[in-house]
Amino acid sequence: MAQAVSIGQVQSELAARIGLIGARAANRCAGDLAVEIDAIRQIAHRHGLFPAVAVTQALESALARGERGPLIQGWLSILGDAVGCDRHDRAACETFAAACSVRLSS
């Protein structure tokens, strides 16, 4: 029988993935980054980490628009905050979506 995975374990795994993406972002093409971000989105969605899902969608849009380098690091920081968020309700999603909107317009 498979062991249940706690939200804390999922958050730790996702935080580690985000750290690796950040460390390798300068040497990766946008397509590779998008694949890694999509994997985070899928895991976050499966475990109900909806603020992280919202940020991954915005981050994928940023990659599609051509954002690279330090700009991606800023997005990864927001994603890390969303992954670590203890709230997973609509208001938390809206807060992170608003933060992404501000970042998009900057």
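Structure shown above.
Note that the coordinates shown come from a computational prediction; the quantities given were computed from them, not determined experimentally. Counting starts from 1 at the beginning of each chain's written sequence and moves along it residue by residue. Only residues with pLDDT of at least 70 get local features here, since the model is predicted, and only at 80 or more are side-chain atom pairs given and counted; chain-wide, interface and lining totals rely on the full set of residues. Side-chain numbers come from the whole structure's heavy atoms, not from hydrogens or water.

Caption draft 1: Representation of helix α4 (residues 70-84) in the model. Strands are runs of DSSP state E lasting at least 2 residues, helices are runs of H or I lasting at least 4, and numbering of each runs from the N terminus. Each residue after the first adds 1.5 Å to the expected span of a helix. The end-to-end C-alpha distance of α4 is 21 Å, a good match for the 21 Å that 15 residues give at a rise of 1.5 Å each. The buried label applies to any residue whose accessible area, calculated with a 1.4 Å probe on protein chains only, is under 20% of its type's maximum; exposed applies above 50%, and partly exposed to all values in between. Those residues of α4 lying buried are Ile-72, Gly-74, Trp-75, Leu-76, Ile-78, Leu-79, Ala-82 and Val-83.

Caption draft 2: Here's a closer look at the environment of Ala-25. Mapping Ala-25 onto the fold places it in the loop between α1 (7-24) and α2 (30-46). Since its relative accessible area comes to 10%, Ala-25 is described here as buried. A sequence separation of 14 residues divides Ala-25 from Ala-39, and the C-alpha atoms of the two residues are 15 Å apart.

Caption draft 3: View of the pattern of salt bridges. Any carboxyl oxygen of Asp or Glu that lies within 4 Å of a side-chain nitrogen of Lys or Arg is treated as forming a salt bridge with it. With the rule as written, the count across this model stands at eight salt bridges. In this structure, Glu-13 and Arg-17 form a salt bridge, with 3.1 Å as the shortest nitrogen-oxygen distance. Taken together, the positions of Glu-13 and Arg-17, both in helix α1 and four residues apart, correspond to about one turn of that helix. The class of Glu-13 is partly exposed, set by a relative accessible area of 37%. The shortest N-O distance in the salt bridge between Glu-94 and Arg-90 comes to 3.5 Å. Of this pair, Glu-94 and Arg-90 both sit in helix α5 (residues 90-105), four residues apart, which is roughly one turn of that helix. One network of salt bridges, with partners in common, ties together Arg-24, Arg-28, Asp-32 and Glu-36.

Caption draft 4: Quick peek at the nonpolar core. Here the nonpolar core consists of buried residues drawn from Ala, Val, Leu, Ile, Met, Phe, Trp, Tyr and Cys, with membership extended through side-chain atoms lying within 4.5 Å. In terms of nonpolar packing, the biggest core is built from 29 residues, with Leu-14, Ile-37, Ala-52, Val-55, Leu-59, Leu-76 and Leu-79 touching the most fellow members. Going through the elements one at a time, α1, α2, α3 (50-65), α4 and α5 are the ones with two or more residues in this core. The contacts of Leu-14, once residues within four sequence positions are left out, are Ile-40, Ile-43, Ala-44, Leu-49 and Val-83. Any two residues whose heavy atoms approach within 4.5 Å at even a single point are treated as in contact.

Caption draft 5: Representation of the environment of Ile-18 in the model. Within the fold, Ile-18 resides in helix α1. When the C-alpha positions of Ile-18 and Ser-77 are compared, they lie 8.5 Å apart, and in sequence the two are 59 residues distant. In contact with Ile-18, other than residues within four places in its own chain, are Ile-40, Leu-76, Leu-79, Gly-80 and Val-83.

Caption draft 6: Main features of the side chain of Glu-36. Mapped onto the fold, Glu-36 is located in helix α2. Polar contacts, as used here, are pairs of N or O atoms within 3.5 Å; protein pairs need one atom able to donate a hydrogen and one able to accept it. Residues neighboring in sequence count only if both atoms are side-chain atoms. Among the polar contacts made by the side chain of Glu-36, one reaches the side chain of Arg-24 at a distance of 2.8 Å. Not counting residues within four places of it along the chain, the set of residues in contact with Glu-36 comprises Ile-21, Arg-24 and Arg-28.

Caption draft 7: Spatial organisation of α2. With 17 residues, α2 should reach 24 Å at 1.5 Å per residue; the first-to-last C-alpha distance of 24 Å fits that figure. Residues of α2 that are buried: Ala-30, Leu-33, Glu-36, Ile-37, Ile-40, Ile-43 and Ala-44. Each buried residue of α2 lies within a common arc of 150 degrees when the element is viewed along its axis, so the set occupies one face. Looking at α2, the residues exposed on the side facing more than 90 degrees away from the buried face are Val-35 and Arg-46. Structurally, α2 contributes buried residues whose contacts are with α1, α3 and α4. The arc in question is the one traced by the directions running from the helix axis out to the C-beta atoms.

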